[in-house]
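A look at the structure
Spelled out, the chains give:
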Amino acid sequence: MELIVAIAIGVLTGSGVWLLLRPRTFQVIVGLSLIGYGVNLFIFSMGRLRANAPPVLQAGAVLNPADHADPIPQALVLTAIVIGFATTALFLVVLLVSRGLTGSDHVDGREPN
Amino acid sequence: MEAAGHLIVMPIVLPLAAGAFLLLLDERRHVIKAVISIMSTLALMVVAIALLGSADNATASSGAATNSVYLLGNWPAPFGIVLVLDRLSALMLVLTSVLALASLAFSLARWHKAGPHFHTLFQLLLMGLNGAFLTGDLFNLFVFFEVLLAASYGLVLHGSGPLRVKAGLHYIAVNLAASSLFLIGVSLIYGVTGTLNMADLAQRIPAVPAQDRMLLEAGAAVLGIAFLVKAGMWPLGFWLPGAYSAAAAPVAAIFVILTKVGFYVLLRLSLLLFGVDAGATAGFGDAWLLFGGMATIAFGAIGVLASQAVSRLAGFSILVSSGTLLAAIGMADARVTAGALFYMVSSTLTIGAFFLLIELVERVQDPAANVLSVTMEAYSDDTQEDVADEEVGVAIPGTLAVLGICFAACGLLLAGLPPLSGFVGKFALLTAMVRPEPVADGVVVAGSTWVLVALLILSGLCALIATMRAGMQIFWAPIEGTVPRVLLLEIAPVAFLLTLCLVIAVQGGQIMRYMEATAQALHSPSGYVRDVLSAQPTPGPNAPSDK
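Residues numbered from 1 in each chain as written. Chains lettered and ligands numbered in written order. Predicted model: local features only at pLDDT ≥ 70, side-chain atom pairs only at ≥ 80, totals over all residues.

Naming follows an unreviewed UniProt entry, where chain B appears as Monovalent cation/H+ antiporter subunit D of Mesorhizobium qingshengii.

An unreviewed UniProt entry annotates chain A as Na+/H+ antiporter subunit C originating from Mesorhizobium qingshengii. Here is the UniProt Sequence similarities (unreviewed entry) comment for chain A, exactly as written: "Belongs to the CPA3 antiporters (TC 2.A.63) subunit C family." We quote the UniProt Subcellular location (unreviewed entry) comment for chain A here in full: "Cell membrane". (UniProt positions renumbered as here; feature names shortened; annotations may be inferred.)

Below, the structure written as structure tokens:
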């Protein structure tokens, strides 16, 4: 499981970085989204990967922390997803405005000569 | 907890409430929006000054460093999120509110009508800034960072136009990438230590086993990169002059504090997590900050000399100021830190005033005298036009004389010449660098320090040359036609900020004493750690004991 998650994070982030460095605004926004996914998986995996372990404690049950997954990274990931979603939406608007004002989808607002 | 204890959370709640309420008002009701916004910012300044007073008094009376800790949701420290007020955060709060008041007053002359939701975004920016200065939790810091960044994305586009949208696009892309690095750094640190509370982290880092140390340092380095992007360290600061010079004047003025957020967090974290008590990782990253800061000063100084447009000159001045501060953190010496804090206050106020002044000065400037501004106008369908019409208010007499005096004062402050506060700050920095305490014959000042001293003096010279050249082009070149109309409301904030610079130069002794106490507390972080972790939740009907 660790290997698959690690490869997934690597592929997402690697493709994201490559797209981020491309000259078209659409490529940049897709790149930023992919990096966002990679980062979210990374945060999640920092709580150690566990299968079949609940993150929330049962009231009244005998408590053994070893039976539970770490809930904090899961909470962090939720926050990060929400914030990432909002900023991507905002970037999308700016991208469209830039396209409308300059008539070009190049990140510098004009085609290189 | 009595009412005074809740004052700490006010700098976050007040602008949040004001910003949210402003959203409900119709966009055409400029007057009521402006009044609410100004009232909120004024109240913020009063709260910040009260907090500064309490942070200073608490230390003076009991001897040991006493930081006020506010437990959000009444959960004790390592489990809940805490707000911590110490001298450094109180100082940053006051600085933010003063700069915000000046920018906001300036914007009321015309800029606040240039686009929708200016006041809301401005208040939310203040909320994010204040939260970032107060929080004692690493992930909460990320949230407040995103709040202030999201507001700043809106503000950098305020007034619209192709030039701003292009600069804004770059600014947003760079900051989104930096936010990803922030998250990676935070989660790596959490993965190694199992905590996000800064005080708890400081306690756990010395005990990190040797095989995990590399991961911890990698996390801290990735996290540091995110803040260095904000602070504009070379080679991460190329976005900064473009974005700042394209932004509307009042926005650029408040943005000056954004680079200081990067500096604040780096100062706080490097001394707390990798300070004297950190064991094997003590002093981690100091050399990077020192040499990176020096490279930033050099790059900024060259940029200042090379700038054709005055607004770019101001942008590069920010880089010089950032570089100086970063190098000062890298020195890891309490007296240097004290000097750096003084320098930070002075340079923030100066560059804020400078950005406001540039807008006024550029109305004086004969467009033909500035080749770049002509080319820039050719590329943009002039964005000033739509807001320039209905100007109301009192125009000031002797416009050119007033503007000239203000410009000269900014030049003196940027260059660090007496008699204004720029000199005091730079002098405090240089003294601390070349005469390390305790003074003894055997103490040798390191070679890198001498390079830094030379760079600081040279960057002052560059700033002087550049501002003199710009001033001559603007004020002494022949002006055709009439003198521009400058409103009292526009020049008053500039005069206010510059007068403050004079006041902190006159009150230098007292302010230096405060800065030294701040630096002492920062360099012995055990007081901070103890205060945060020993804060007790308030017992009451809503105590979380039933959970």
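That shown, we press on.
Let's shift gears to the overall build of chain A. A count of helices and strands for chain A gives three helices and zero strands. Each helix (α) and strand (β) of chain A, taken in turn from the N terminus, gives the series α-α-α. The C-alpha radius of gyration computed for chain A amounts to 19 Å, which surpasses the reference 13 Å derived for 113 residues by more than 25%, pointing to a less compact arrangement than a globule. C-alpha extents for chain A along the principal axes are approximately 70 × 30 × 15 Å. Burial analysis of chain A (113 residues in total) assigns 27% to the buried set. Relative to all contacts within chain A whose residues are 6 or more apart in sequence, the contacts with residues 24 or more apart total 52%. (Helix = DSSP H or I, 4+ residues; strand = E, 2+ residues; numbered from the N terminus. Rg over C-alpha atoms; globule rule 2.2 N^0.38 Å. Buried ≥ 20, exposed ≤ 12 C-beta atoms within 10 Å, placed from the backbone. Contact = placed C-beta atoms within 7 Å.)

Here the focus is the overall build of chain B. When helices and strands are counted, chain B shows 21 helices and two strands. Within chain B, the fraction of its 547 residues that count as buried is 57%. By sequence separation, contacts in chain B at least 24 residues apart represent 82% of the contacts at least 6 residues apart.

This paragraph deals with the UniProt feature "transmembrane region" (unreviewed entry) in chain A. In the numbering adopted here, UniProt assigns the feature "transmembrane region" (unreviewed entry) to residues 6-21, 28-47 and 75-97 of chain A. Taken end to end, residues 75-97 of chain A is 100% helix and 0% strand, and its first and last C-alpha atoms sit 34 Å apart.

A separate point is the nonpolar core. Counting 226 residues, the largest nonpolar core has L99, L125, A253, F355 and L357 of chain B as the members making the most contacts within it. Ignoring anything within four residues of it in the chain, the contact list for A253 of chain B reads L99, A102, S103, F106, G352, F355 and L356 of chain B. (Core = buried A, V, L, I, M, F, W, Y, C linked by C-beta atoms within 7 Å.)

A cis amide bond links W234 of chain B with the next residue in sequence, P235 of chain B, at an omega value of 0°. Structurally, the position occupied by P235 of chain B is in the loop between helix 8 (210-231) and helix 9 (239-246). Despite not being glycine, N52 of chain A shows a phi value in the positive range, around 55°. Given 6 C-beta atoms within 10 Å, N52 of chain A falls into the exposed group.

Taken together, the 27 residues of chain A in the interface contact 22 residues of chain B. Residue assignment for the side of chain A that touches chain B shows that the elements contributing at least two residues are helix 2 (25-45) and helix 3 (71-102) of chain A. At 14 residues, helix 3 of chain A tops the list of elements feeding residues into the side of chain A that touches chain B. Class assignment for the residues of the side of chain A that touches chain B results in 19 nonpolar, seven polar and one charged. (Nonpolar A, V, L, I, M, F, W, Y, C, P; charged D, E, K, R; others polar.)

Residue and element names in this part refer to chain B. In this model, chain B carries an average pLDDT of 84, and 87% of its residues clear a pLDDT of 70 or more. Across residues 368-391, where pLDDT falls below 50, the model places 28 contacts with residues more than four positions away in sequence or in other chains. On the interface metric, ipTM, the complex scores 0.94, and its pTM is 0.89. (pLDDT = per-residue confidence, 0-100.)

Here we come to the pairing of strand 2 (residues 82-85) of chain B. Residues and elements named next belong to chain B. Of the two faces of strand 2, the one holding V82 and V84 and the one holding L83 and L85 are both buried throughout. Examined bridge by bridge, strand 1 (residues 68-71) and strand 2 share four bridges and lie antiparallel to one another. Residue pairing in the sheet places Y70 in a bridge with L83 of strand 2. (Pairing = 2+ DSSP bridges.)

Our next topic: the environment of G352 of chain B. With respect to the secondary-structure elements, G352 of chain B resides in helix 13 (residues 334-364). Since 29 C-beta atoms lie within 10 Å of it, G352 of chain B is described here as buried.

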